[in-house]
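# A closer look at the structure
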Amino acid sequence: MTDINKIFDKLRYHPENEVVEFKKAENNFDFDDLGKYFSALSNEANLRYKDFAWLVFGVYDKTREIIGTTYKNSDKSLQKLKHDIAQHITDNNTFRDIHELIVEGKRVLLFQIPAAPRGIPIAWQGHFYGRRGESLVALDMNKYDEIRRQTVDEDWSKQIVDGATVADLDKEAVEVARKGFKEHYPKLKKEVDGWSDEVFLNKAKLTIDGKITKAAILLLGKPESVHYLDYIGEIVWRLATKDNVGQVFSIPFLLTTTEVMHRIRNYPFKIFPNNRLIPSEGMKYDNESILEALHNCIAHQDYMRNARIIVIERENELEFQNCGRFFDGSYEDYIAGDRIPKHYRNPFLAQAMANIKMIDTEGFGIHKMYVSQKERFLPMPDYDKSDDSNVVLTIPGNVIDENYSLLLIENADIDLTTAVLLDKVQKGKPISDDAIKMLRKRKLIEGRKPHLYVSKRIAKATNKEVEYTLRKGFDDAECREWIIKALKDHTVLSRQQINELLWSKLPIDYTEEQKYNKVKNLLYSMRKKGVIKLDEDRHWRIGKI
């Protein structure tokens with residue numbers, strides 16, 4: 001098997017995202033659309049530190065079924081296509097290669113699209129394109145600016161602050177930073193105590209050769225020193241009630257994140273597992289997770305946008321907002337704790353925060369938040385993927401579905417990946433076909449996509465039999481029995497009366513249209529078999545049973 005075949009196999013079962021796109025393109029594909037996709041995929045590959053993006057022809061995007069394509073069905077026409085595309089693309093860029101494969105006896109094309117060069121967004125006929133999830137859209141200004149800034153020193157946090165000195169730093173913040181540094185580097189504990197502030201700040205990489213950086217002001221600066229940042233330098237906490245109570249916190253962020261945490265209402269809750277007198281107890285929020293979320297906002301904020309970090313406390317959840325999309329991959333990449341980020345938007349700031357134990361740079365922060373929720377039997381954190389220019393994290397602080405929490409208590413062996421998938425099922429969120437197969441194989445879920453629900457085996461473990469029956473609804477045989485029984489009782493029934501008879505017995509997740517079609521198909525099959533019949537008044541009667 002060649003490398004390109006391996007690449008295709010990996011792409012085929014990869015969800016469509018900003019750098020992978022599938023098209024059937026059985027016979028033809030609009031040339032202008034092809035150019036737009038080149039621009040969009042090239043720009044997104046740059047923003048995600050990918051060498052290439054991929055456009056695949058001959059594959060149905062919904063099922064990944066191999067359709068095959070006859071598009072540009074010769075080497076000569078493919079080479080000409082590369083030339084034609086280059087005529088309308090920034091700096092005459094074009095496909096690195098167009099790979100022809102035979103898969104399951106059918107022709108498939110893989111367009112290998114190079115990432116946009118650093119600092120140069122790629123345009124098609126003078127217009128810049130990007131992606132929002134699976135959708136082709138105009139490249140928004142935030143992404144455009146992010147690419148353009150790549151030609152300059154883009155690490156805002158590393159910039160030297162002219163005129164600032166150690167006197168502009170908060171003494172308490174410096175001492176807390178020392179404590180964090182000693183915890184992070186325990187072998188240097190005794191040595192650190194002998195360092196002057198200037199030496200310590202250099203060692204912690206908060207300053208450069210004794211010069212104060214924006215990272216140092218942001219984390220340790222006195223509130224009156226915020227003007228050095230050319231940035232608003234604020235964290236806003238708001239309690240989302242009718243009174244909309246709130247408070248604005250300024251620098252030093254090393255101290256104010258703890259102040260924000262203390263403003264959040266946190267108290268114990270209890271869950272009573274089946275057949276147990278002693279409840280499981282936990283706190284509404286994990287303080288470590290609150291600080292992790294706040295510190296991630298600080299580390300990954302796009303400071304060039306001069307925006308606040310926002311914390312919204314609702315009755316049963318916390319929301320954290322910071323400007324700037326995920327910089328290296330997506331949040332799903334970090335849930336299991338296996339991925340180590342290769343890049344940071346603010347690498348100098350991130351390293352300084354790691355040195356004083358505000359964050360880790362190994363990619364475990366998100367993993368820890370998910371583990372914390374699982375261990376306290378609460379729903380998993382959620383990231384809002386609808387806003388591609390900001391990161392919005394929600395941490396639930398209550399038992400949304402008590403049966404799900406009881407499930408985690410009763411089944412301590414459930415791994416984190418499975419818990420996350422079941423959490424999505426409970427919330428009615430989509431999961432991949434591979435995940436559905438895995439959960440179904442383990443008999444954890446039932447139903448048909450998108451109407452998935454917890455399986456009966458789990459339902460029994462969590463006293464969820466009633467909800468299970470409502471979600472599953474009656475099967476075809478049971479519905480037929482109800483129709484026959486009703487006809488024996490009343491002789492004739494209209495279609496509307498049969499609808500009323502069965503409506504509440506069909507799965508609760510079905511739409512009105514799905515329920516209508518379900519009844520229609522049942523009546524058709526029963527009529528075909530002669531079990532029931534339609535009279536001249538269009539009423540249903542018993543047929544030959």
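Calculation rules
Residues numbered from 1 in each chain as written. Predicted model: local features only at pLDDT ≥ 70, side-chain atom pairs only at ≥ 80, totals over all residues. Heavy atoms only, no water. Helix = DSSP H or I, 4+ residues; strand = E, 2+ residues; numbered from the N terminus. Contact = heavy atoms within 4.5 Å. Areas by Shrake-Rupley, 256 points an atom, 1.4 Å probe, with all protein chains shown as cover. Lys, Arg positive; Asp, Glu negative; His and termini not counted. Charge placed at Lys NZ, Arg CZ, Asp CG, Glu CD. Pairing = 2+ DSSP bridges. Right-handed = clockwise from strand over helix to strand, strands pointing away. Expected span 1.5 Å × (residues − 1). Buried < 20%, exposed > 50% of the residue type's maximum accessible area, 1.4 Å probe, protein only. Arc of directions from axis to C-beta. Axes fitted to C-alpha atoms, helices over the stretch in contact; angles between N-to-C directions. Phe/Tyr/Trp six-rings, centres within 6.5 Å; stacked < 30°, edge-to-face > 60°. Lys NZ or Arg CZ within 6 Å of the ring centre and 35° of its normal. Core = buried A, V, L, I, M, F, W, Y, C linked by side-chain atoms within 4.5 Å. Salt bridge = Lys/Arg side-chain N within 4 Å of Asp/Glu carboxyl O.

## Brief notes about the overall build of the protein
Counting its secondary structure elements, the protein contains 20 helices and 21 strands. Overall, the protein is about 100 × 75 × 45 Å in size when its C-alpha atoms are taken along their principal axes. Relative to all contacts within the protein whose residues are 6 or more apart in sequence, the contacts with residues 24 or more apart total 62%. When the accessible surface of the protein is totalled, it reaches about 27,600 Å², and 49% of it is carbon and sulfur. A distance of 5 Å separates the average location of the 86 positive side-chain charges in the protein from that of its 85 negative side-chain charges.

## Examining the pairing of strand β1 (residues 20-23)
Where β1 meets strand β2 (residues 52-57), four bridges bridge the pair, whose relative direction is parallel. Residue pairing for β2: Phe22 is matched across the bridge by Val56. In this region the chain leaves β1, passes through helix α2 (residues 31-47) and returns to the parallel neighbour β2; the handedness of that crossover is right-handed.

## Re helix α18 (residues 476-490)
With 15 residues, α18 ought to run about 21 Å at 1.5 Å a step, and its terminal C-alpha atoms sit 21 Å apart, in line with that. Taken together, the buried positions of α18 are Cys479, Ile483, Ile484, Ala486 and Leu487. The buried residues of α18 occupy one face: seen down the axis, they fall within an arc of 160 degrees. In α18, the exposed residues that point more than 90 degrees away from the buried face are Glu481, Lys485, Lys488 and Asp489. Along its buried surface, α18 packs onto α19 (495-502), α20 (512-528), β20 (532-534) and β21 (540-542).

## Notes on the environment of Ile98
Assignment of secondary structure puts Ile98 in strand β3 (residues 97-103). By relative accessible area, which is 9% here, Ile98 ends up buried. Expressed as a C-alpha distance, the spacing of Ile98 and Lys443, which sit 345 residues apart in the sequence, is 43 Å.

## Examining the sheet that holds strand β4 (residues 106-114)
Read across the sheet, four strands follow the order β1-β2-β4-β3 without closing on themselves; strand pairing throughout is mixed. Since the sheet does not close on itself, it has two edges, and those belong to β1 and β3, each with one partner. Strand-to-strand twist of the sheet, defined as the mean angle between neighbouring strand axes without regard to direction, takes the value 20 degrees. The strands touched by helix α1 (residues 3-12) are β1, β2, β3 and β4; relative to β3, the strand with the most contacts, the crossing angle is about 80 degrees. α2 contacts β1, β2 and β4 of the sheet and is inclined by roughly 145 degrees relative to β2.

## Re the packing of aromatic side chains
Following the criterion strictly, the structure yields 15 aromatic pairs and no others. A centroid spacing of 4.8 Å and a plane angle of 85 degrees characterise the contact between Tyr231 and Tyr303, whose relative ring orientation is edge-to-face. Of this pair, Tyr231 sits in the loop between α8 (214-220) and β10 (235-239) while Tyr303 sits in the loop between α10 (287-300) and β14 (309-313), and the two are 72 residues apart along the sequence. Taken individually, Tyr231 and Tyr303 each receive the classification buried, so the pair is uniform in this respect. Through successive ring pairs, a cluster of aromatic residues spans Phe29, Tyr37, Phe38, Phe57, Tyr71, Phe95 and Phe111. Sitting over the ring of Tyr516, Arg495 keeps its end group 4.1 Å from the ring centre. Directly above the aromatic system of Trp482 lies the positively charged group of Lys505, at a separation of 4.2 Å from the ring centroid.

## Some points on the nonpolar core
Core analysis: the biggest nonpolar cluster contains 91 residues, and Leu218, Leu219, Leu220, Ile298 and Phe320 have the highest contact counts within it. Residue contacts for Leu220: discarding those within four places in its chain leaves Leu169, Asp170, Ala173, Val174, Ala177, Leu201, Leu206, Pro252 and Leu254. Counting residues in each nonpolar core, the second largest holds 39 residues, with Val19, Ala45, Val59 and Leu110 among its members.

## Focus: the pattern of salt bridges
Applying the stated criterion to the full structure yields 24 salt bridges. Among the salt bridges present, the one from Arg265 reaches Glu313, with a minimum N-O distance of 2.9 Å. Here Arg265, found in the loop between α9 (253-263) and β12 (268-271), pairs with Glu313, found in strand β14; they are 48 residues apart in sequence, far enough to count as distant. Residue class for Glu313 comes out buried when judged on its relative accessible area of 0%.

## Overview of unusual backbone geometry
Only a minority of non-glycine residues have a phi that is not negative, and only a minority of peptide bonds are not trans. Residue Pro252 is bonded to the preceding Ile251 through a cis peptide linkage, with omega at 5 degrees. With respect to the secondary-structure elements, Pro252 resides in the loop between β11 (245-249) and α9. A positive phi angle, close to 50 degrees, is found at Gln125, a residue other than glycine. Mapping Gln125 onto the fold places it in the loop between β5 (123-124) and β6 (127-132). Despite not being glycine, Asn306 shows a phi value in the positive range, around 55 degrees. Within the secondary structure layout, Asn306 lies in the loop between α10 and β14.

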